Amino acid sequence: MEHAAHAGRAETLGREQFERFYTQTARALRSYICRVAGNATIADDILQESYVRLLSAPPLLEAQRKSYLYRTATNLVTDHHRAQTRQRRWWQLAPRRDEALDSRVDLPPDMERLFAMAGGQERALLWLAYVEGEDHREIAAVLGLKEKSVKVLLFRARRKMEEILKRHGFERSHERSHEGSHE
């Protein structure tokens, strides 16, 4: 099989290879970007840009493509958040004439809002570990971290999320479900 023979060589993706790779990765990558970015519309733009950059990248080993794709998406989310912060600062200085300028028309569900309270890297760590099911090595590759750092950072991210949940009244239900008892 030609596919198996090329698995160990860095190569540029052909059309069929790209379509197969896109089919295998796009849905999970979009979910990841949605949660980390906190915005589905932005996620679509970042998803598209991530694949464009993959196609423009130097040849990669097949095993490196997914990590490259997730790392690229993570960097694009970070860049987007930085741009948003600069834009928000500008709008805070400008007088507001109309409430229609508020970009938060549709509020996300409570848990989405709570998840968004964690930092971008924390959201990325939690999502990759618990939704994508990635191991520490894969998470390190995606986020550009050392593998040994992932365990510590993931522990801290879980603790921060736990604190966010406690501050918003989820402490009792969390303890009950953790202990396995029901009322």
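Worth saying up front: this structure is predicted, and the values here are computed from it rather than measured.

Another point: the nonpolar core. Among the nonpolar cores identified, the biggest contains 41 residues, and L29, Y32, I33, Y51, L125 and L143 are the most heavily contacted of them. Where this core is concerned, the elements lending two or more residues are helix 2 (15-37), helix 3 (40-56), helix 4 (62-93), helix 5 (110-116), helix 6 (120-130), helix 7 (136-143) and helix 8 (147-167). At nine residues, the largest contribution of residues to this core is made by helix 2. Look past the residues within four positions of I33 in its chain and what remains in contact with it is G38, A43, I46, L47, A73 and V77.

Scanning the model with the defined rule gives four aromatic pairs in all. Ring geometry for F18 against Y22: centres 6.0 Å apart, planes inclined by 40°, an arrangement best described as tilted. Remark: Y22 and F18 occur in helix 2; sequence separation between them is four residues, near one turn of the helix. Judged by relative accessible area, Y22 falls into the partly exposed class, the value being 36%. Joined through ring pairs, the aromatic side chains of F18, Y22 and Y51 make up one cluster.

Turning next to the packing of helix 7 against helix 8. Where helix 7 contacts helix 8, the axes come no closer than 8 Å and their chain directions differ by 95°. By the angle between their directions, the pair helix 7 and helix 8 is classed as roughly perpendicular. Facing helix 7, whose interface residues are H136, R137, I139 and A140, helix 8 presents E147, V150, K151 and L154. Looking at the contact of helix 7 with helix 8 residue by residue, the classes come out as four nonpolar, one polar and three charged.

Attention shifts here to the packing of helix 2 against helix 6. The interhelical angle for the contact between helix 2 and helix 6, taken along N-to-C directions, is 145°, at an axis separation of 9 Å. Two packed elements cross with a definite hand, and for helix 2 against helix 6 that hand is right-handed. Where helix 2 approaches helix 6, its residues S31, Y32, R35 and V36 are matched on the opposing element by G120, R123, A124, W127 and L128. Of the residues assigned to the contact of helix 2 with helix 6, the class counts are five nonpolar, two polar and two charged.

A pair can form between side chains of opposite charge whenever their charged atoms are brought close. Inspection of the entire model under this criterion finds nine salt bridges. With its nearest N and O atoms 3.9 Å apart, the salt bridge here joins D79 to R82. A residue pair is termed a helical-turn pair when its members lie 3 or 4 positions apart in one helix, as D79 and R82 do in helix 4 at three residues. Using a relative accessible area of 41% as the deciding quantity, one classes D79 as partly exposed. Residue class for R82 comes out exposed when judged on its relative accessible area of 51%.

What follows deals with helix 3. Under the 1.5 Å per step criterion, the end-to-end length of helix 3 is 24 Å for 17 residues, consistent within 8% with the ideal 24 Å. For helix 3, the complete set of buried residues consists of I42, A43, I46, L47, S50, Y51 and L54. Down the axis, helix 3 shows its buried residues gathered within 165° of arc, on one side only. Residues of helix 3 that are exposed and angled more than 90 degrees away from the buried face: T41, Q48 and S56.

What follows concerns helix 8. Relative to the 30 Å expected for 21 residues at 1.5 Å per residue, helix 8 spans 31 Å between its end C-alpha atoms, a close match to the ideal helical length. Those residues of helix 8 that fall on the buried side of the exposure criterion are V150, L153, L154, A157, M161 and I164. All buried residues of helix 8 lie within an arc of 110° about the axis, which places them on one face of the element. Facing away from the buried side of helix 8 by over 90 degrees, the exposed positions are K148, K151, R156 and R167.

Thresholds applied
- Residues numbered from 1 in each chain as written.
- Predicted model: local features only at pLDDT ≥ 70, side-chain atom pairs only at ≥ 80, totals over all residues.
- Heavy atoms only, no water.
- Core = buried A, V, L, I, M, F, W, Y, C linked by side-chain atoms within 4.5 Å.
- Buried < 20%, exposed > 50% of the residue type's maximum accessible area, 1.4 Å probe, protein only.
- Helix = DSSP H or I, 4+ residues; strand = E, 2+ residues; numbered from the N terminus.
- Contact = heavy atoms within 4.5 Å.
- Phe/Tyr/Trp six-rings, centres within 6.5 Å; stacked < 30°, edge-to-face > 60°.
- Axes fitted to C-alpha atoms, helices over the stretch in contact; angles between N-to-C directions.
- Parallel < 35°, antiparallel > 145°, perpendicular 65-115°, else oblique.
- Nonpolar A, V, L, I, M, F, W, Y, C, P; charged D, E, K, R; others polar.
- Left-handed = near helix turned anticlockwise from the far one by under 90°.
- Salt bridge = Lys/Arg side-chain N within 4 Å of Asp/Glu carboxyl O.
- Expected span 1.5 Å × (residues − 1).
- Arc of directions from axis to C-beta.

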